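# Structural characterization, general
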Amino acid sequence: SASVIIQASEKRDFEFIRSLKSNLVPVPFGASDWVDQRIFKPIPNVNKVYDAIYVANYNPIKRHHIFFRAISQIDDPTFKAALVFGNSGSAQKDIESLIEYFKIKSRLDVYHVLPQTQLNELLNKSKVNVLLSYKEGSNKSVFEGVFAGTPALVLESNVGVNKTYINSCTGALVTDDNLREWLE
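All of these numbers come straight from a predicted model, not from anything done at the bench. (Residues numbered from 1 in each chain as written. Predicted model: local features only at pLDDT ≥ 70, side-chain atom pairs only at ≥ 80, totals over all residues. Heavy atoms only, no water.)

### Digging into the pattern of salt bridges
Applicable threshold: Each salt bridge in this description consists of a side-chain nitrogen of Lys or Arg and a carboxyl oxygen of Asp or Glu lying within 4 Å of one another. Counting from the N terminus, the helices are DSSP H or I runs at least four residues long and the strands are E runs at least two residues long. Classification of residues uses two cut-offs on accessible area relative to the type maximum, computed with a 1.4 Å probe and protein chains only: under 20% is buried, over 50% is exposed, and between them is partly exposed.
Tallied over the entire structure, the rule returns 12 salt bridges. For Glu 136, the salt bridge is made with Lys 62, and the minimal N-O distance between the two is 2.9 Å. Residue Glu 136 is located in the loop between strand S6 (129-131) and helix H5 (140-147), and its partner Lys 62 is located in the loop between strand S3 (52-56) and helix H2 (64-73); the two are separated by 74 residues in the primary sequence. Comparing Glu 136 with Lys 62 shows no difference in burial state: the two are buried.

### A closer look at the side chain of Glu 136
So the rule is basically this: Identification of polar contacts relies on pairs of N or O atoms within 3.5 Å, with a donor-acceptor requirement for protein atoms, meaning one able to donate a hydrogen and the other able to accept it, and with residues adjacent in sequence counted only if both atoms are side-chain atoms.
Residue Glu 136 is classed as buried on the basis of its relative accessible area, which comes to 18%. One polar contact links Glu 136 to Ser 133, side chain to side chain, over a distance of 2.4 Å.

### Description of the side chain of Thr 170
For the record, the criterion: Here a residue-residue contact requires only that any non-hydrogen atoms of the pair lie within 4.5 Å.
Positionally, Thr 170 belongs in the loop between strand S7 (152-155) and strand S8 (171-174). Given a relative accessible area of 15%, Thr 170 falls into the buried group. A polar contact of 2.8 Å, which involves the side chain of Thr 170, links it to the backbone nitrogen of Asn 167. Look past the residues within four positions of Thr 170 in its chain and what remains in contact with it is Val 146, Pro 151, Ala 152 and Tyr 165.

### A short note on the pairing of strand S4 (residues 81-85)
Filter applied, for reference: Strand pairing requires that DSSP identify at least two bridges connecting the strands. The handedness of a crossover follows from its direction of travel: if, with the strands pointing away from the viewer, the path from the first strand over the helix to the second runs clockwise, the crossover is right-handed.
Here S4 lies mainly inside the structure; five of its five residues are buried. Because side chains alternate across S4, one face comprises the buried residues Ala 81, Leu 83 and Phe 85, and the other comprises Ala 82 and Val 84, equally buried. As paired elements, S3 and S4 share five bridges and run parallel to each other. Each bridged residue has a counterpart across the sheet, and for Ala 52 the counterpart in S4 is Ala 81. Each parallel crossover has a hand, and the one from S3 via H2 to S4 is right-handed. As paired strands, S4 and strand S5 (residues 108-112) are joined by five bridges and run parallel to one another. In the strand pairing of S5, Phe 85 is matched with His 112. Of the crossover connections in this fold, the one passing from S4 over helix H3 (residues 92-101) to the parallel S5 is right-handed.

Next up, the structure:
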């Protein structure tokens, strides 16, 4: 039978598909491997306005509450974060309620469905780029940030992101419990 190529940037997925010894052929790359470097790149002389940025959507799998809790626990009143939403997910009202619950509205600028050039500008204006979901496909925004020169803070237990790309030059793997320290 014909071979079927499957993107498997997560090492465990790659090994599992390979172990099937079938017509399924895993390849070790995914969405994170084709960032457009013409758009996502460092911008010279840009001031860091945000201590952190989280590019997410309105789906609870993004675990916004962990980001919000960490922000609320930071004692520095000048700490500022950006939250950029895509157009998917149905939990917008719940997320807005969480922002109110954690009392961080004044410390969080919220953006909706940005053009890629504007997202690159925000990534350049941010000190770190956060990803807190437990499982998802090869997250592209993490690596768009890396291309923009913004280190990634990726949940250590995430399944889906090729974490071999996260190192001392590109960011760090974090936990729910130490996220605040990495943001400070």
